[in-house]
Amino acid sequence: MADKIRLGFIGTGGIARGAHFSALKNIEEAEVVAVSDINEDSANKASEFFEGKATAYTDYRDMLAKEKLDAVDICTPNLYHKQPTIDALNAGLHVIVEKPVAMNVGEARQMCEAARKNSRKLMVAQVQRFRPDVQLLKKMIDAGELGEIYYSRVWALRRRGVPAWGVFIEKDKQGGGPMIDIGVHMLDTALYLMGHPKPKAISGQTYTKFGNREGVFNPWGQWDPKKYTVEDYATGLVRFEDGATLSIEASFVANIQKDAMNVTLLGTEGGSDLEPFKIYTERHNRLIEETPVNLPGVNGYEAELREFFAAILEDRDPLVTGEQALQTQIILDGVYKSSDLGREVQVSEL
Ligand SMILES: NC(=O)c1ccc[n+]([C@@H]2O[C@H](COP(=O)([O-])OP(=O)(O)OC[C@H]3O[C@@H](n4cnc5c(N)ncnc54)[C@H](O)[C@@H]3O)[C@@H](O)[C@H]2O)c1
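Residues numbered from 1 in each chain as written. Predicted model: local features only at pLDDT ≥ 70, side-chain atom pairs only at ≥ 80, totals over all residues. Heavy atoms only, no water.

**Overview of the overall build of the protein chain**
Note the following rule: The helix and strand labels rest on DSSP assignments: H or I over at least four residues marks a helix, E over at least two residues marks a strand, and numbering proceeds from the N terminus. In this description the radius of gyration comes from C-alpha coordinates, and the expected globular size is given by 2.2 Å times residues to the power 0.38. Exposed residues in this analysis have more than 50% of their type's maximum accessible area, buried residues have under 20%, and partly exposed residues fall in between, with area computed by a 1.4 Å probe over protein chains only. Contacts are assigned to residue pairs with any non-hydrogen atoms lying within 4.5 Å of each other. All accessibility values rest on the Shrake-Rupley procedure with a 1.4 Å probe; residue burial counts only the protein chains present in the view. Counted as positive: Lys and Arg. Counted as negative: Asp and Glu. His and the chain ends are not counted at all. Each charge is placed at NZ for Lys, CZ for Arg, CG for Asp and CD for Glu.
A count of helical and extended segments in the protein chain gives 10 helices and 15 strands. Taken over C-alpha atoms, the radius of gyration comes to 20 Å for the protein chain, in line with the 20 Å a tight globule of 350 residues would show. Across the 350 residues that make up the protein chain, the buried fraction comes to 55%. Counting only contacts in the protein chain whose residues sit at least 6 apart along the sequence, the fraction spanning at least 24 positions is 73%. Looking at the protein chain as shown, the accessible area adds up to about 15,700 Å², and 48% of this sits on carbon and sulfur atoms. When the 41 positive and 51 negative side-chain charges of the protein chain are each reduced to one mean point, those points stand 3 Å apart.

Below, the structure written as structure tokens:
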């Protein structure tokens, strides 16, 4: 490998431009040498951002063939996570891919297999794990301060927050609606904090009560109701092999008081919330509520990219592995399949 990790981009849209590009400007270990996007204008603008040092391509396969890359950062819509990931891994490159890892479990399995076969890193950009509150809570849990975590309540709820841009309302390009798009953020966080218990059975229900309707108030603009093929609310219950359970709710639209992105944990020695960050315990026969203060400010996107490069340089697993993301995807698929079938599904069915 050269002095610096030679990085290429596949997909230079919203999240690449809005978060990854600027984070990379602060990172010494890597250099963006190529960018690709099916939209030529977007690829050219990305090249300009990197002051012309990154060659622009409209077909990522040309980029993989012509550039001597070490790794790629994949920021395409969910439908285009699998193939570029597998192609890059087969070309001997390490991959960081945006969340969710894929459209479904079958794709995620193929991606993990390609990483294994080629002995390359596959990291999923689960940015929430790098939050200072999540990192502190993880340390407390690992030190046993919350005891045995037996239940987690996961919320990714928007009262009115339908993305009116991109392909977020199209099931064939996204794999699903709020459950797969924003539920995955908090679900991954909960699983990380719980120590990645293995899911055993999943029950869920999805609803589309607003997406197909005209004129629903949405601060992010009017979407096309005819294109709306995903759920606008989903709920699920997960049973884990170790006896723990997790409930999850996710919405783009719901008649609730306010938005909530939270993970509540119940442990035998303590409980916690992330929003607001609190620890609940009992000491000296009194109930205690602790609020950590003075947490450092962290750019999660920079932290996740630094972790990806460190994993490559130190030849170790990254903090978020493809295998962990596969387990998360099993739960997402389980919620959708259970809703379709009208019954609980076993993980062995997925
Ligand atoms: N971590 C986060 O907080 C966060 C936030 C937003 C989006 N995301 C994820 O990032 C991904 C992209 O979302 P976005 O909001 O940037 O979408 P976007 O639509 O703004 O950008 C996607 C880009 O990919 C390009 N593209 C599509 N197909 C391609 C292909 N085959 N090859 C190369 N380029 C292709 C499009 O032209 C577009 O420029 C999604 O998986 C989404 O879930 C993550």
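**Points about helix α2 (residues 40-49)**
We apply this condition: To be clear, the arc concerns the directions from the helix axis to the C-beta atoms.
Buried within α2 are the following residues: S42, A43, A46 and S47. The arc enclosing the buried residues of α2, seen along the axis, measures out at 140 degrees, which places them on a common side. α2 presents E40 and E48 as exposed residues on the side facing more than 90 degrees away from its buried surface. On its buried face, α2 is in contact with α1 (14-25), β2 (30-36) and β3 (55-57).

**Focus: the site of the ligand**
Stated formally: Residues are counted as near a molecule or strand when any one of their heavy atoms sits within 4 Å of it. Polar contacts here mean pairs of N or O atoms no more than 3.5 Å apart (in protein, one a potential hydrogen donor and the other a potential acceptor; neighbouring residues in sequence count only if both atoms are side-chain atoms). Boundaries of every domain are those given by an automatic assignment or by a domain database.
As a structural note, the neighbourhood of the ligand is formed by 22 residues, with G14, I15, D37, N78 and K99 the closest of them. Between the ligand and the protein, one listed contact pairs an oxygen atom with a side-chain N or O atom of D37 at 2.6 Å. One of the side-chain nitrogen or oxygen atoms of E98 is found 3.1 Å away from a nitrogen atom of the ligand. In isolation the ligand exposes 850 Å². Once the protein is present, 83% of that is buried. Looking at the shell around the ligand, the elements with two or more residues in it are α1 and α8 (178-194). Residues from two domains meet in the shell around the ligand; each of domain 1 (5-128 + 301-320) and domain 2 (129-298 + 329-349) gives at least three.

**Observations regarding the domain arrangement of the protein chain**
You'll often see interface size given as the accessible area lost when the parts meet. Cut-off, in case you're wondering: Buried area: the accessible surface (1.4 Å probe) lost by two parts on joining, summed over both. In this count, Pro and Cys sit with the nonpolar residues alongside Ala, Val, Leu, Ile, Met, Phe, Trp and Tyr, while Asp, Glu, Lys and Arg are called charged and the others, Gly among them, polar.
Domain annotation for the protein chain reports domain 1 (5-128 + 301-320) and domain 2 (129-298 + 329-349). Each partner contributes to the interface: domain 1 provides 21 residues, whereas domain 2 provides 23 residues. Between domain 1 and domain 2 the total buried area reaches about 1,900 Å² when both faces are included, carbon and sulfur atoms providing 59% of it. Our count for the domain 1 to domain 2 interface comes out at 10 residue pairs in polar contact (both at pLDDT 80 or more). Among the elements of the structure, α5 (105-118) and α9 (300-314) are those that each provide at least two residues to the side of domain 1 that touches domain 2. Partitioned by chemical class, the residues of the side of domain 1 that touches domain 2 number 13 nonpolar, four polar and four charged.

**Section: the packing of helix α6 (residues 132-142) against α8**
The cut-off we apply is this: Fitting a line to C-alpha atoms yields each axis, with helices limited to the stretch in contact; the angle taken between N-to-C directions then spans 0 to 180 degrees. Every angle not falling under 35 degrees, over 145, or within 65 to 115 is termed oblique; those three ranges are roughly parallel, roughly antiparallel and roughly perpendicular.
At a minimum axis separation of 9 Å, α6 and α8 run at an interaxial angle of 30 degrees. Taken together, the axes of α6 and α8 are roughly parallel relative to one another. Contacts from V134, Q135, L137, K138 and I141 in α6 reach T189, Y192 and L193 in α8. Looking at the contact of α6 with α8 residue by residue, the class counts come to five nonpolar, two polar and one charged.

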